[in-house]
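Topology and contacts: notes
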Number of protein chains: 2
Amino acid sequence: MNERAALDVVGGLVAGAGDDAAVVDDTVFTIDMLHETTDFPAGTTRYTAGWRSVGASLSDVAAMGADATAAVGVYGAPDFDEDGLRAYVEGALDVCEAVGAEYVGGDLDGHDEFTVATAAIGRTDDPVRRDGASPGDALVVTGTLGRTAAAMERFDSGDVERANELFRFEPRVRAGRALAGHATAMMDSSDGLARSLHQLAEASDCGFAVDGDSVPVAEELRDVVEDPLDTAVTYGEDFELVATVPESAVGVVRAESDVPLSIVGEVTASGVTLDGEPLADRGWTH
Amino acid sequence: MNERAALDVVGGLVAGAGDDAAVVDDTVFTIDMLHETTDFPAGTTRYTAGWRSVGASLSDVAAMGADATAAVGVYGAPDFDEDGLRAYVEGALDVCEAVGAEYVGGDLDGHDEFTVATAAIGRTDDPVRRDGASPGDALVVTGTLGRTAAAMERFDSGDVERANELFRFEPRVRAGRALAGHATAMMDSSDGLARSLHQLAEASDCGFAVDGDSVPVAEELRDVVEDPLDTAVTYGEDFELVATVPESAVGVVRAESDVPLSIVGEVTASGVTLDGEPLADRGWTH
């Protein structure tokens, strides 16, 4: 059974599953697990691992349009090297500070493979889910796409310092707050834009028409891959927000957001296209 | 660096670390990671794994004297077998239902070793921490000790069905609520009674005198190990509550608790003893 089918099994058992974070009263609540073989290429520092893993959970909070309150983490490693552990916690503290949340601790676990689990909570009385997009809404994306793909190229080529910088994304909590109250649907782009659009299309029973020239391809990606647009759209793990917003509200949202917001297309009745051609459901599989 | 030293490193960086769960405003928040080689002996069903892993996080909520609100989990496995995943989620749902909490989903992760991460949140405006025990307080324990040790014996001997039953403990949320407002210090017994007492002694700057005859040794342990009392006191992973309570309040707490509460000793000025002999800081190391 692949991950999508498995998520359907969980969705059949757990009420309210299917968004980036669960909603319990006015609290949003999410958990993630990352580990060495799939998430931390050789050269990833423990500081970056702390930043990125806790950031992934904070991104889920952002994707619900919530304020980020706090995060916790488990550091699982074959041995507890003091410098590594300290760096991990400092990365976790710093990414929380960047979005106004508190890192409040967690646990340790002896584990053959370096594996971290993180959870975050946030607050909102009006969560943005995936199912409210309507034809005619503008499709917007925060920041740039392809940053993680660019980081992976640099891990491969040995420019590890720059790779680590690119790996430390800022969770879009403030942009998510700006979008809350205006966005009709939202999720983060951790599976890549293409896959995200297919998921939003399914949840909202709509389609998307993407304009390739408007996609904010990360500058760092331009010289290192053959087809930067394709990579930016499908690679994933960028943790930007993908949202649908009535066109009339885009100006207000942009004024309140701390990062650029690009209109990359619009919501249609059905089908997901890039420059008029079908955009396949390709992307990151966790 | 061993786990204790590593926890001290985290404690030096993260304000408020050192209790069973973190406290953020009126929310308690905790995360755990369990995995096959150290936590799930051969024969552990996925249902039991779901129950036990989510239960471990709910136990941390209980140990703060909080109401359990909700839990989430990540199911990490080499492949997503539908029956296994479904059983895991059902175990998670059932343990939440047993304590009045909601299981609200989580995530999946392809992982070489079966590994699960769980987080739980709860509410209290008056959390019970580890640092308030005073000489003269009664030392109380919920339920029985040695249940997990008894389960391990049965996993070894092949009585897997009974082992699984013993592995599915009920998180002591209701007893924790009964203790809240009265207990001066509290934690769960996941590291074993002996180690828990050393931790409470350090946090509260006190000692403990335990009366061996009063320790509620699990019936199932009596015939299967050589020294049931020693095993019950040191094995750990029972997820009972260990608390200190002014003797005058024990009656009220017992009346409100849904499980038996044993007075197993008292708080002293210093030293941890069992029947007058030093009780070493031995127990479960995660």
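Everything discussed here concerns the structure shown above.
Residues numbered from 1 in each chain as written. Chains lettered and ligands numbered in written order. Predicted model: local features only at pLDDT ≥ 70, side-chain atom pairs only at ≥ 80, totals over all residues. Heavy atoms only, no water.

**Some thoughts on the pattern of salt bridges**
Evaluated as defined, the whole model comprises 24 salt bridges over all chains. For R4 of chain A, the salt bridge is made with D281 of chain A, and the minimal N-O distance between the two is 3.3 Å. Linking R4 of chain A in helix α1 (residues 3-13) with D281 of chain A in the segment after β12 (277-278), this pair joins segments that are 277 residues apart in sequence. Given a relative accessible area of 31%, R4 of chain A falls into the partly exposed group. Relative accessible area serves as the criterion here: at 29%, D281 of chain A is assigned to the partly exposed category. Linking E237 of chain B and R52 of chain B is a salt bridge whose minimum nitrogen-to-oxygen distance equals 3.9 Å. Note that E237 of chain B is positioned in the loop between α9 (228-234) and β9 (241-245) and R52 of chain B in helix α3 (residues 46-63), a separation of 185 residues in sequence. (Salt bridge = Lys/Arg side-chain N within 4 Å of Asp/Glu carboxyl O. Helix = DSSP H or I, 4+ residues; strand = E, 2+ residues; numbered from the N terminus. Buried < 20%, exposed > 50% of the residue type's maximum accessible area, 1.4 Å probe, protein only.)

**A few points about the packing of aromatic side chains**
All names here are of chain A. All told, the structure shown has 15 aromatic pairs over all chains when counted by the stated rule. Taking the centre distance of 5.5 Å and the plane angle of 70° together, the rings of Y75 and F114 count as edge-to-face. Taken together, the positions of Y75 in strand β3 (residues 67-77) and F114 in the loop between β4 (102-110) and β5 (115-123) put the pair 39 residues apart, joining distant regions of the chain. The same class applies to Y75 as to F114, namely buried. (Phe/Tyr/Trp six-rings, centres within 6.5 Å; stacked < 30°, edge-to-face > 60°.)

**Describing the interface of chain A and chain B**
Contacts between the two partners involve 53 residues from chain A, matched on the other side by 53 residues from chain B. Buried surface at the junction of chain A and chain B, both sides included, amounts to about 4600 Å², of which 72% is carbon and sulfur. Interface area lost by chain A to chain B is led by F29, I31 and M33 of chain A, which between them contribute 15%. Here chain A is connected to chain B by zero salt bridges. Among the secondary structure elements, those contributing two or more residues to the side of chain A that touches chain B are α1, β1 (22-24), β2 (27-35), β3, α4 (82-98), β4 and β5 of chain A. With nine residues, the top contributor of residues to the side of chain A that touches chain B is β4 of chain A. (Contact = heavy atoms within 4.5 Å. Buried area = accessible area lost by both parts, 1.4 Å probe.)

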